[in-house]
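# Examining the three-dimensional arrangement
Chain by chain, the residues:
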Amino acid sequence: MARRAARVRILSTSCLEGALVAQGATDAFADAATDTHRLVDLAASVVLAEAAGGAVRDVFGRAVELDTDLTRRWSGVVAATPELADELATVLRESYEAGRDG
């Protein structure tokens, strides 16, 4: 993914990264298929990014559901458009699967 991006910002906090996407300061934020994010990590992104016309996806296609189960984890993708979110999720999932199978 890094080779395809014009610039890469290293993760600081999921909440801030999602807010930067919603604001238009960055095009996307993605977790590299590590299943690190909890609901509290992505909740603000679901609200902010989607209100700004963006999208939140899970790399593995799981629904990002707002509930109280803090044991659940996601590999979140937050992007400025639904199309970009889908593309990033696909690229990251395929890369993860190729690394796992290879």
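What you are looking at is a predicted structure, and each value in this text was computed from that prediction instead of being measured. Numbering of residues starts from 1 in each chain and follows the order in which that chain's sequence is written. Totals for whole chains, interfaces and linings use all residues, but because this is a predicted model, local features are given only for residues with pLDDT of at least 70 and pairs of side-chain atoms are given and counted only at 80 or more. Only heavy atoms go into the side-chain values, all of them from the structure, while hydrogens and water stay out.

## What to know about unusual backbone geometry
What counts, and what does not: The numbering of helices and of strands both runs from the N terminus, where a helix is a DSSP run of H or I of at least 4 residues and a strand a run of E of at least 2. Note on classification: 1.4 Å probe, protein chains only; a residue is buried when its accessible area is under 20% of the maximum for its type, exposed when over 50%, partly exposed between these limits.
Here the phi dihedral of A33 falls at roughly 60 degrees; this positive angle occurs in a residue that is not glycine. Relative to the elements of secondary structure, A33 occurs in the loop between β1 (28-30) and α2 (39-51). Taking relative accessible area as the criterion, A33 reaches 10% and is therefore assigned buried.

## What to know about the confidence of the model for the protein chain
Filter applied, for reference: The quantity known as pLDDT measures the predictor's confidence residue by residue, on a range of 0 to 100.
Per-chain confidence: the protein chain averages 86 in pLDDT, with 87% of residues scoring 70 or above. Across the protein chain, strand β2 (residues 55-58) holds the top mean pLDDT of 94, while α2 sits lowest at 87.

## A closer look at α2
Operational definition: What a helix is expected to span follows from its residue count: subtract one and scale by 1.5 Å. Any two residues having at least one pair of non-hydrogen atoms within 4.5 Å are treated as being in contact.
The end-to-end C-alpha distance of α2, which contains 13 residues, comes to 18 Å, matching closely the 18 Å that a straight helix rising 1.5 Å per residue would cover. In this structure, the buried side of α2 is in contact with α1 (14-23), β2 and β3 (76-79). With its phi angle positive at about 95 degrees, G53 sits one or two positions after the end of α2.

## Observations concerning the packing of α1 against α2
Stated formally: Only C-alpha atoms enter the line fits that serve as axes; for helices the fit covers just the stretch in contact. Angles between N-to-C directions range over 0 to 180 degrees. Between 65 and 115 degrees an angle is taken as roughly perpendicular, under 35 as roughly parallel, over 145 as roughly antiparallel, and anywhere else as oblique. For this scheme, ten residues count as nonpolar: Ala, Val, Leu, Ile, Met, Phe, Trp, Tyr, Cys and Pro. Four count as charged, namely Asp, Glu, Lys and Arg, and the remainder, Gly too, count as polar.
Running from N to C, α1 and α2 point in directions that differ by 10 degrees, and their axes come no closer than 8 Å. Classed by the angle they form, the pair α1 and α2 counts as roughly parallel. For the pair formed by α1 and α2, the contact residues are S14, C15, G18, A19 and A22 on the first element and D41, A44, S45, L48 and A49 on the second. Split into classes, the residues belonging to the contact of α1 with α2 amount to six nonpolar, three polar and one charged.

## A closer look at the side chain of S14
In this structure, S14 sits in helix α1. In this structure S14 comes out as buried when scored by relative accessible area, which is 10%. What S14 contacts, discounting residues up to four positions off in sequence, is F29, H37, D41 and S45.

## Observations regarding the nonpolar core
In summary, soluble globular proteins display a tendency toward joint burial of nonpolar side chains. Put simply, the rule reads: Here the nonpolar core consists of buried residues drawn from Ala, Val, Leu, Ile, Met, Phe, Trp, Tyr and Cys, with membership extended through side-chain atoms lying within 4.5 Å.
A33, A55, V59, V77, A79, A85, L88, A89 and L92 together form the largest nonpolar core, which totals nine residues. Mapped by element, the contributors of at least two residues to this core are β3 and α3 (82-101). Take this core: its biggest share by element is four residues, from α3. Ranked by size, the runner-up nonpolar core spans six residues in total, among them F29, V46, A49 and V78.

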